[in-house]
Amino acid sequence: MKKYLNKKILCLAGAVLLLSASGAAGRAMAYFTTYVTASGGASVSLGFTHTVPQEEIVDWTKRIVVENQGDYDCFVRVKVFAGQKYQEGLGISGQGWTKGEGDYYYYKDVVPAGSSVSEQLLVKIDHMESTEDFNVIVVQECTPVLYDENGSPYMDWNVILDSVQDSYH
Amino acid sequence: MKKIRALLRKPVFLLAVSAVLLAASTLGSAQAALTYYSENYSAQMSVSSIGVTLVENGEKVSWRDYEHQGGQWSENSGKLLQHLSGRDGKKTVVPGKKYQEKLTVQNSGDIDAYVRVILYRDWQNPQGVRDTALSPGLIDLGLSKGNGWIVDEKASTAERTVLYYQNVLPAGEESPSLCDTLKIHSDIAKKAAETVVEDENGYRTITTRYVYDGYRFQLTAEVDAVQTHNAREAIKSAWGVDVDVAADDTLRLQ
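Nothing here was measured: the structure is a model prediction, and the numbers come from that model. (Residues numbered from 1 in each chain as written. Chains lettered and ligands numbered in written order. Predicted model: local features only at pLDDT ≥ 70, side-chain atom pairs only at ≥ 80, totals over all residues.)

Help me get a handle on the confidence of the model for chain B, residues and values and all.
Any region with low pLDDT has predicted coordinates that should not be read closely. Residue and element names in this part refer to chain B. Averaged over all residues, the pLDDT of chain B is 84; the fraction at 70 or higher stands at 79%. For chain B, per-element mean pLDDT is lowest for helix 2 (residues 11–46), which scores 54, and highest for strand 9 (residues 160–165), which scores 98. Predicted confidence is poor over residues 28–38, with pLDDT under 50, and the contacts of this stretch with residues over four places away or in other chains come to four contacts. Long-range and interchain partners of residues 41–47, a stretch whose pLDDT sits below 50, account for five contacts in this model, where long-range means more than four residues apart. (pLDDT = per-residue confidence, 0-100. Helix = DSSP H or I, 4+ residues; strand = E, 2+ residues; numbered from the N terminus. Contact = placed C-beta atoms within 7 Å.)

Listed below in structure tokens is the structure:
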């Protein structure tokens, strides 16, 4: 009987200690916390693009617009030349276009995928009262938009994605 | 001495000792509870709940706020990078180009809090399988410097960046941005593969393709907030890290 009583008391004492411990645990968990998460992703876009010159001739003036029909942004440049006799008579101008290396005319802005340059390149042709047929050839090229360490776009014409030649007869 | 040993063997004595211990622990709890409720008494009048919101480029993306009335959590889990555009409705990025990715944390609760953010970055191939061969370091987040956010270098890896906001974020306030830009490093475009196919006439077709075209990156942000009261213990308990809290309440990692 005494042995049974001892066990009972020991169990009670154990329970009391357990209760004390659980009380302390309860205090340890009483902190205000919260959390939140969000995620998202995107694909890397790498590839080539394709540009097409759109030309319109009005009153011996060729109006050139370059359209980016590909999936990637690019820079474009255009070169115009005719026979030796007529080359001197070509008057090339256009807002946003600047004559640069290799006698190309470089468009100042990035041409986004699916759009065209905003300003036309105008080529005024002097036919020199000639009765002969002659060609005015337009060469346009595009290069991918590259980004420097600061994320600013720049062009590198050592990398030409597409080149198209067109002529006016 | 014998008397003491005899006394120790008596269960009644043990029970008495236990009772005293229990009473003492209750007293401790009562004191803790007194402090606890004393602080929360004023909290219930004006400050009663904790909450945190992740903000991306000024837009609230995800939040989890405790609503004292009703005792429920008001929560929303949104998506990051939804502002990126791309072809065919897919979100795409061009390597080298910087995109705005301004991440901030708003304390949307009623009590001041310490906050931390864990950013995870990884790659998936076009089939959706995680690719550990491609470095997460190519996913360049322009982390802010000198505005209160510090990187826990010990806890950070190539895939994970752990940032702590050193200052207390007051209730209702928004932290400075922990990052401002996102850029996929242009080195990813340097790896190209060439395939040469020769037909029966001897003509060869050479096709060049970018190895990582179509690869998808994933960015995950996890924001944690904890109370400022008993900050050291609370942070240890909630986040498992040891910090020092300076006299001006700024955190320092140990």
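Structure's up, so let's keep going.
Break down the sheet that holds strand 8 (residues 121–124) of chain A for me, citing the residues and quoting the values.
Residues and elements named next belong to chain A. One open sheet accounts for four strands, arranged 2-3-8-5; its pairing is antiparallel. Unpaired on one side and paired on the other, strand 2 (51–58) and strand 5 (91–93) mark the two borders of the sheet. Within the sheet, the average angular offset between the axes of one strand and its neighbour, ignoring direction, is 20 degrees. Relative to strand 8, strand 5 runs antiparallel, the two sharing three bridges. Following the sheet pairing, glycine 91 is matched in strand 8 by lysine 124. (Pairing = 2+ DSSP bridges. Axes fitted to C-alpha atoms, helices over the stretch in contact; angles between N-to-C directions.)

Could you give an account of the sheet that holds strand 1 (residues 51–56) of chain B, naming the residues involved and the relevant values?
As a general point, the strands of a sheet are linked pairwise by backbone hydrogen bonds and lie either parallel or antiparallel. Residue and element names in this part refer to chain B. Pairing in this open sheet of six strands is antiparallel, and the strands run 3-2-1-5-10-7 from one edge to the other. The strands lining the two open edges of the sheet, one partner per strand, are strand 3 (72–76) and strand 7 (139–143). Within this sheet the neighbouring strands show an average axis-to-axis angle of 15 degrees, counted without direction. As judged from the six bridges shared by strand 1 and strand 2 (residues 59–67), these two strands associate in the antiparallel manner. Within strand 2, the residue paired with glutamate 56 across the bridge is glutamate 59.

Give me helix 3 (residues 231–239) of chain B: which residues, what numbers.
Restricting attention to buried positions, one finds in helix 3 of chain B the residues Ala231, Ala234, Ile235 and Ala238 of chain B. All buried residues of helix 3 of chain B lie within an arc of 95 degrees about the axis, which places them on one face of the element. Here the buried face of helix 3 of chain B lies against strand 1 (33–44) of chain A together with strand 6 (113–124), strand 13 (216–227) and strand 14 (243–245) of chain B. At the C-terminal side of helix 3 of chain B, glycine 240 of chain B shows a positive phi close to 70 degrees. (Buried ≥ 20, exposed ≤ 12 C-beta atoms within 10 Å, placed from the backbone. Arc of directions from axis to C-beta.)

Please provide a residue-by-residue account of the pairing of strand 3 of chain B, values included.
Residues and elements named next belong to chain B. Here strand 2 runs beside strand 3; their pairing, made up of five bridges, is antiparallel. Within strand 3, the residue paired with tryptophan 63 across the bridge is asparagine 76. Here strand 2 hands over to strand 3 after four residues, with glycine 70 in that stretch at a positive phi of 95 degrees.

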